Amino acid sequence: MGAAVAAQARRSGAEVLWCSDGRSPETMHRAEQYGLSAVGGLSEMADRADVILSLCPPAAAEDVARSVAACSYSGTYVDGNAVSPRR
């Protein structure tokens, strides 16, 4: 789902950053296919991005949010993950 959202944002003219650290060759191929701009790590993304949209497996959603917060990110963080309303 993340690749489809990123592709649409690119078609709308946005620069889309993605964190390449630890990602699979398949993910890297999709990022290249859609013209996404790689950043080496989350701290670089937090420094450059106005908006961070988190689309990841639900089990990782809280860890991703904590990691972004640890970077002192001051932009808009959108948690677009399928987690229960209680969380």
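Refer to the structure presented above.
Residues numbered from 1 in each chain as written. Predicted model: local features only at pLDDT ≥ 70, side-chain atom pairs only at ≥ 80, totals over all residues. Heavy atoms only, no water.

Asker: Is there a simple way to explain the overall build of the chain in this structure?
Answerer: When you go through the chain residue by residue, the secondary structure sums to four helices and four strands. A globule of 87 residues ought to have a C-alpha radius of gyration of about 12 Å, and the chain, at 13 Å, matches this closely. Over its C-alpha atoms, taken along the principal directions, the chain stretches across nearly 35 × 25 × 25 Å. A burial count over the chain gives 23% of its 87 residues as buried. Within the chain, contacts between residues at least 6 apart in sequence are counted, and of these 52% link residues at least 24 apart. Carbon and sulfur atoms provide 51% of the accessible area of the chain, an area that totals close to 5,800 Å². (Helix = DSSP H or I, 4+ residues; strand = E, 2+ residues; numbered from the N terminus. Rg over C-alpha atoms; globule rule 2.2 N^0.38 Å. Buried < 20%, exposed > 50% of the residue type's maximum accessible area, 1.4 Å probe, protein only. Contact = heavy atoms within 4.5 Å. Areas by Shrake-Rupley, 256 points an atom, 1.4 Å probe, with all protein chains shown as cover.)

Asker: Explain the layout of surface pockets here, please?
Answerer: Empty space left among the atoms is revealed by rolling a probe the size of a water molecule over them. As a volume, the largest pocket reaches approximately 1,200 Å³. If you trace the largest pocket, you find 38 residues lining it, with Leu17, Trp18, Met45, Leu53 and Leu55 closest to the centre. At the level of elements, α1 (2–11), β1 (17–19), α2 (25–33), α3 (42–48), β3 (51–54) and α4 (61–70) are the ones that each hand at least two residues to the lining of the largest pocket. Among the elements that make up the lining of the largest pocket, the one with the highest residue count is α1 (five residues). The residue inventory of the lining of the largest pocket, partitioned by class, reads 25 nonpolar, six polar and seven charged. (1 Å grid on protein atoms, 1.4 Å probe; cavity = no way out; pocket = protein on both sides within 12 Å on 5 of 7 lines; lining within 4 Å. Points joined across faces, edges and corners; volume = space filled by probe spheres on them. Nonpolar A, V, L, I, M, F, W, Y, C, P; charged D, E, K, R; others polar.)

Asker: Explanation requested: the nonpolar core in the structure shown.
Answerer: Soluble, globular proteins show a tendency: their nonpolar side chains are buried together. Counting residues in hydrophobic clusters, the biggest one holds nine residues: Leu17, Cys19, Val39, Met45, Ala46, Ala49, Ile52, Val68 and Tyr73. The residues contacting Ala46, other than those within four sequence positions of it, are Ile52, Cys71 and Tyr73. Membership of the second largest hydrophobic core comes to five residues, among which are Ala6, Val16, Trp18 and Ala31. (Core = buried A, V, L, I, M, F, W, Y, C linked by side-chain atoms within 4.5 Å.)

Asker: Sorry if this is basic, but what is going on with the state of the cysteines here?
Answerer: Here, the word disulfide means a covalent bond between the sulfur atoms of two cysteines. Applying the stated criterion to the full structure yields zero disulfides. The structure places no disulfide on Cys19, whose sulfur is separated from the nearest cysteine sulfur, that of Cys71, by 9.1 Å. Looking at the unpaired Cys56, the closest cysteine sulfur is the one in Cys19, lying at 12 Å. (Disulfide = S-S within 2.5 Å.)

Asker: I would appreciate a short explanation of the pairing of strand β4 (residues 76–79) in the present structure.
Answerer: Residues in a regular strand point their side chains to alternate faces of the sheet. Taken together, the four bridges between β3 and β4 define a ladder with parallel strand orientation. Within β4, the residue paired with Ser54 across the bridge is Asp79. With α4 bridging β3 and its parallel neighbour β4, the resulting β-α-β unit is right-handed. (Pairing = 2+ DSSP bridges. Right-handed = clockwise from strand over helix to strand, strands pointing away.)

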